[in-house]
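So the chains spell out like this:
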Amino acid sequence: MRVLMVNGSPHKRGVTKKALEVVAERLETAGVEVCWFELGSKPVRGCVSCGRCGRNNSRCVFEDDAANDLIEAIVAADGVVVGTPTYFAGANGALLALMDRAFFAANEHGRHFVGKPAAAIATEWRAGAVSACDDINRYFLHAGMPIVASNYWPVRFGSEVDSYGDRMLSILGDRMAKALSLLDISAGQ
């Protein structure tokens, strides 16, 4: 089993990556392979609703950013965890633009992500992380991906030590591993 960890921050070593690493550590402890997708800081174009992805093997016709790379990475994974920093009380706009294109192309024209367990996490400095998680979870719901939850919101606060947030992220990692094991068992029956 393999889980794709999507760092939706432009900072490859920032707080969002640290939060994702807490989840990844629990997954690896449970024997789940982890692979990474970094949003980075390169420009991302938004969806223009051209519909050509339906005639392009469920891939976006624009190939000048990472949308198709994200599609391929999700298709190759058994589960997905998307992390986002909180900007203006919501998820990172560049991440949302990329997810708009990836999820529209791969799911409106083939339903390629259906059934893959998914989770959203957010990092924040002041407020808005719950809304940021909700922004991401809507993609999963529309795509038919079961959402894996923690005991409380999977949010990490600031760049300082956040033992409560890290505990919620650890629980999320354990539950993602459990969800994958249940899917693996049912697939063998």
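Right, let's walk through the structure included here. Note that the coordinates shown come from a computational prediction; the quantities given were computed from them, not determined experimentally. (Residues numbered from 1 in each chain as written. Predicted model: local features only at pLDDT ≥ 70, side-chain atom pairs only at ≥ 80, totals over all residues. Heavy atoms only, no water.)

1. Some words on the layout of surface pockets
Move 1: In this structure, the largest pocket spans a volume of roughly 180 Å³.
Move 2: Looking at the largest pocket, the residues that line it are Lys12, Glu38, Leu39, Gly40, Ser41, Lys42, Pro43, Val44, Asp64, Asp65, Ala66 and Leu98.
Move 3: Each residue belonging to the lining of the largest pocket can be placed in one class, and the counts come to five nonpolar, two polar and five charged. (1 Å grid on protein atoms, 1.4 Å probe; cavity = no way out; pocket = protein on both sides within 12 Å on 5 of 7 lines; lining within 4 Å. Points joined across faces, edges and corners; volume = space filled by probe spheres on them. Nonpolar A, V, L, I, M, F, W, Y, C, P; charged D, E, K, R; others polar.)

2. Examining empty space enclosed by the protein
One simple way to see leftover space: roll a probe sized like a water molecule over the atoms.
Move 1: Taken as a whole and judged by the stated rule, the model has one cavity of 30 Å³ or more.
Move 2: The computed volume of the largest cavity comes to approximately 100 Å³.
Move 3: Along its surface, the largest cavity is lined by 13 residues, and Cys47, Cys50, Gly51, Cys53 and Cys60 are the ones closest to its centre.
Move 4: A breakdown of the residues in the lining of the largest cavity according to their chemical character gives nine nonpolar, two polar and two charged.

3. A look at the packing of helix 3 (residues 93-108) against helix 4 (residues 129-142)
Move 1: Packing of helix 3 against helix 4 brings their axes to within 11 Å, and their N-to-C directions diverge by 5°. On the basis of their axis angle, the class for helix 3 and helix 4 is roughly parallel. Of helix 4, the residues touching helix 3 (which contributes Leu95, Leu96, Met99, Asp100, Phe103 and Glu108) are Asp135, Ile136, Tyr139, Phe140 and His142.
Move 2: When grouped by side-chain class, the residues that make up the contact of helix 3 with helix 4 number seven nonpolar, one polar and three charged. (Axes fitted to C-alpha atoms, helices over the stretch in contact; angles between N-to-C directions. Helix = DSSP H or I, 4+ residues; strand = E, 2+ residues; numbered from the N terminus. Parallel < 35°, antiparallel > 145°, perpendicular 65-115°, else oblique. Contact = heavy atoms within 4.5 Å.)

4. Description of the pairing of strand 2 (residues 33-38)
Move 1: Pairing analysis gives six bridges linking strand 1 (residues 2-7) to strand 2, with the strands arranged parallel. Residue pairing for strand 2: Arg2 is matched across the bridge by Glu33.
Move 2: Once you follow strand 1 into helix 1 (residues 15-29) and on to strand 2, the crossover reads as right-handed. (Pairing = 2+ DSSP bridges. Right-handed = clockwise from strand over helix to strand, strands pointing away.)

5. A word on the nonpolar core
Move 1: Formed by 36 residues in total, the largest nonpolar core has its most connected members in Leu4, Leu70, Met99, Phe103, Ile136 and Phe140.
Move 2: Secondary-structure elements contributing two or more residues to this core are strand 1, strand 2, helix 2 (67-76), strand 3 (79-87), helix 3, strand 5 (118-124) and helix 4.
Move 3: Of the residues forming this core, the biggest block, eight residues, is contributed by helix 3.
Move 4: Not counting residues up to four positions away in its chain, the partners in contact with Leu70 are Leu4, Val6, Phe37, Leu98, Met99 and Ala102.
Move 5: In terms of nonpolar packing, the next biggest core, distinct from the first, is built from 20 residues, Met5, Val23, Ala119 and Leu180 among them. (Core = buried A, V, L, I, M, F, W, Y, C linked by side-chain atoms within 4.5 Å. Buried < 20%, exposed > 50% of the residue type's maximum accessible area, 1.4 Å probe, protein only.)

6. Remarks on the pattern of salt bridges
Move 1: According to the stated counting rule, one finds eight salt bridges in the structure shown.
Move 2: Measuring nitrogen to oxygen at the nearest pair gives 2.7 Å for the salt bridge that ties Arg45 to Asp64. Remark: Asp64 occurs in the loop between strand 2 and helix 2 and Arg45 occurs in the loop between strand 2 and helix 2; sequence separation between them is 19 residues.
Move 3: With a relative accessible area of 32%, Arg45 lands in the partly exposed category.
Move 4: For the salt bridge of Arg101 with Asp65, the shortest nitrogen-to-oxygen distance reads 2.6 Å. (Salt bridge = Lys/Arg side-chain N within 4 Å of Asp/Glu carboxyl O.)

7. A look at the state of the cysteines
Move 1: Taken as a whole and assessed by the stated rule, the structure comprises zero disulfides.
Move 2: Distance from the sulfur of Cys50, which forms no disulfide, to the nearest cysteine sulfur (Cys53) is 6.2 Å. (Disulfide = S-S within 2.5 Å.)

8. Examining helix 2
Move 1: Those residues of helix 2 not exposed but buried are Ala67, Asn68, Leu70, Ile71, Ala73 and Ile74.
Move 2: Buried residues in helix 2 make contact with strand 1, strand 2, strand 3 and helix 3.

9. Description of the packing of aromatic side chains
Move 1: As enumerated under the stated definition, the model contains four aromatic pairs in all.
Move 2: Aromatic pair Phe103 and Phe140: ring centres 6.3 Å apart, planes at 50°, arrangement tilted. Of this pair, Phe103 sits in helix 3 while Phe140 sits in helix 4, placing them 37 residues apart in sequence.
Move 3: Take Phe140: its relative accessible area is 0%, and that puts it in the buried class.
Move 4: One aromatic cluster is present, formed by Phe103, Phe113, Tyr139 and Phe140 through successive ring pairs.
Move 5: Positioned above the aromatic ring of Phe62, the side-chain terminus of Arg45 is 3.9 Å from the ring centre. (Phe/Tyr/Trp six-rings, centres within 6.5 Å; stacked < 30°, edge-to-face > 60°. Lys NZ or Arg CZ within 6 Å of the ring centre and 35° of its normal.)

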